[in-house]
Amino acid sequence: MVKILLDPSMYHPHLSVAQELHKARELGFNYLELSPRADFHQWHHYPKVDRHQIAEVKRAMAETGVKIWSFNPVFDWAAPDEQERQAQVRNWKRLLEIADALEVPLIATEFSGDPNRALQSEHQFYRSMEELVPVFEKYGLECTIEAHPYDFVEENDQAVQIIRGVDRDWLNYEFCFPHAYHVGRGNRDPREMMDYAGDRLKHLHIADVFDHTANVGNRYIMNPPGVDARIHQHNEIGNGEIDWDSAFTYLREREYDGPMSVCVFGWEEEADAVNVRMRERLLAEFDGD
């Protein structure tokens, strides 16, 4: 059975983490994937969580029966600047302490680094892993990493290769559907990319997206021409161009049984309805909870 996780990003501006657990229960979710938020683990910043917040979140999990299954931090452990890399490793160590305190079993993250200094970033990533592997193993945590737009690795197969290079059973690949047209360069089928990951595919981010490479690159227009930026969306299934029937058929055929995170962003005005529809669609396609 798959686990269906709610990424509560659309509720971050007005709900605490404890309140988001109650919101997840209201919407029918049993699991949460906690994405970056300023009072917990903001992008690239030291986690701002104390023992009182940890106790509050524990109480909310007990009250609701909803478990935080994964943290989704973004710490620049591949920063080319060595002082920055060391600071980000410090961030990581604190977050892993918090995950252990809250009995969160999975960390879902990104490569970060600089795509314009990709080789140096890769060196720094492996250097950070040398420091962090013992910490992950001390706490018995799993970790999945995705290829993210504007990370030092943005391509599916290379991301899988870098993960294989660490060679730990607990470190695996996350395929993020709303990034599909970046990590596949706009010309690869998600099935092909997930198949390349093989047994390393242990986590999915579920949201739809339009193909930014379509119409000779004019689907979206950014100025000035050639600006060093990336664009994508996290839309509800059906509000994009992913072939979900094909993707879901593939996942059933390979008997995928890992977590699936509902991660729709930018539709706060109908967040509850969107998240409920997403959960219902996944339950219609897979045996899950």
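Above: the structure in question.
Since the model is a prediction, treat every value here as computed from it, not as a measurement.

Draft legend 1. The overall build of the protein, seen in detail. Looking only at helices and strands, one finds ten helices and eight strands in the protein. In terms of C-alpha radius of gyration, the protein reaches 18 Å, essentially the compact-globule figure of 19 Å for 289 residues. If you line up the protein on its principal axes, its C-alpha atoms span 50 × 45 × 40 Å. For the protein, the residues scored as buried account for 55% of the 289 residues in total. Within the protein, residue pairs in contact and separated by at least 24 positions form 81% of the contacts whose partners lie at least 6 positions apart. Approximately 12,500 Å² of the protein is accessible, and the part contributed by carbon and sulfur atoms is 46%. One way to put it: in the protein the 30 positive side-chain charges average out to a point 5 Å from where the 52 negative ones average out.

Draft legend 2. Representation of helix H9 (residues 244-253) within the structure. Among the residues of H9, those classed as buried are Trp244, Ser246, Ala247, Phe248, Tyr250 and Leu251. At its buried positions, H9 is contacted by helix H7 (190-197), strand S7 (201-206), strand S8 (259-262) and helix H10 (271-285). In this structure Asp243 caps H9, since a side-chain oxygen of it lies 3.5 Å from the backbone nitrogen of Asp245. The first or second residue beyond H9 is Glu255, which carries a positive phi of 55°.

Draft legend 3. Spotlight on unusual backbone geometry. Positive phi values are uncommon outside glycine, yet Ser112 reaches one of about 55°. When you line up the elements, Ser112 lands in the loop between strand S4 (106-110) and helix H4 (118-139). Looking at Ser112, the relative accessible area reads 5%, which means it is buried.

Draft legend 4. Expanded view of the nonpolar core. Core analysis: the largest hydrophobic core is formed by 87 residues, its most contacted members being Ile68, Phe71, Phe125, Phe175, Leu204 and Leu251. The leading source of residues in this core is H4, at seven residues. Setting aside anything within four residues of it in sequence, one finds Leu251 in contact with Met194, Leu201, Leu204, Tyr256, Met260 and Phe286.

Draft legend 5. Geometry of the packing of aromatic side chains. Within the structure shown, the criterion is met by 15 aromatic pairs. Taken together, a centroid distance of 6.2 Å and an interplanar angle of 50° make the contact between Phe125 and Phe152 tilted. In this pair, Phe125 is assigned in helix H4 and Phe152 in the loop between strand S5 (142-146) and helix H5 (156-166), connecting sequence segments 27 residues apart. An identical accessibility class is assigned to Phe125 and Phe152; each is buried. Through a chain of ring-to-ring contacts, three or more aromatic side chains come together here, namely Phe75, Trp77, Trp92, Phe111, Phe125, Tyr126, Phe136, Phe152 and Trp170.

Draft legend 6. Representation of the sheet that holds strand S1 (residues 3-6) within the structure. Taking strand neighbours around the barrel as the criterion, the eight strands line up as S1-S2-S3-S4-S5-S6-S7-S8 in a closed arrangement whose pairing is parallel. Across this sheet, the average inter-strand angle for adjacent strands is 30°, counted without regard to direction. As paired elements, strand S3 (residues 67-71) and S4 share two bridges and run parallel to each other. Each residue of the ladder has a partner; that of Ser70, found in S4, is Leu106. Those strands touched by H5 are S5 and strand S6 (171-176), and its axis lies near 165° from that of S6.

Draft legend 7. Representation of the environment of Pro80 within the structure. Mapped onto the elements, Pro80 comes out in the loop between S3 and helix H3 (82-101). Pro80 sits in the buried class, given a relative accessible area of 14%. Spatially, the C-alpha atoms of Pro80 and Glu122 are 8.7 Å apart, while their sequence positions differ by 42 residues. Filtering out sequence-adjacent residues up to four positions away, Pro80 remains in contact with Asp114, Arg117, Gln120, Ser121 and Gln124.

Draft legend 8. Spotlight on the packing of H3 against H4. Interhelical geometry of H3 versus H4 gives an angle of 15° and a closest axis separation of 10 Å. Comparing the axis directions of H3 and H4 gives the class roughly parallel. For H3 against H4, the interelement crossing comes out right-handed. In contact with Glu82, Arg85, Val89, Trp92, Lys93, Leu96, Glu97 and Asp100 of H3, H4 contributes Gln124, Arg127, Ser128, Glu131, Leu132, Val135, Phe136 and Tyr139. Among the residues making up the contact of H3 with H4, the classes are represented as seven nonpolar, two polar and seven charged.

Thresholds, definitions, all that
Residues numbered from 1 in each chain as written. Predicted model: local features only at pLDDT ≥ 70, side-chain atom pairs only at ≥ 80, totals over all residues. Heavy atoms only, no water. Helix = DSSP H or I, 4+ residues; strand = E, 2+ residues; numbered from the N terminus. Rg over C-alpha atoms; globule rule 2.2 N^0.38 Å. Buried < 20%, exposed > 50% of the residue type's maximum accessible area, 1.4 Å probe, protein only. Contact = heavy atoms within 4.5 Å. Areas by Shrake-Rupley, 256 points an atom, 1.4 Å probe, with all protein chains shown as cover. Lys, Arg positive; Asp, Glu negative; His and termini not counted. Charge placed at Lys NZ, Arg CZ, Asp CG, Glu CD. Polar contact = N/O pair within 3.5 Å; in protein donor to acceptor, adjacent residues only side chain to side chain. Core = buried A, V, L, I, M, F, W, Y, C linked by side-chain atoms within 4.5 Å. Phe/Tyr/Trp six-rings, centres within 6.5 Å; stacked < 30°, edge-to-face > 60°. Pairing = 2+ DSSP bridges. Axes fitted to C-alpha atoms, helices over the stretch in contact; angles between N-to-C directions. Parallel < 35°, antiparallel > 145°, perpendicular 65-115°, else oblique. Left-handed = near helix turned anticlockwise from the far one by under 90°. Nonpolar A, V, L, I, M, F, W, Y, C, P; charged D, E, K, R; others polar.

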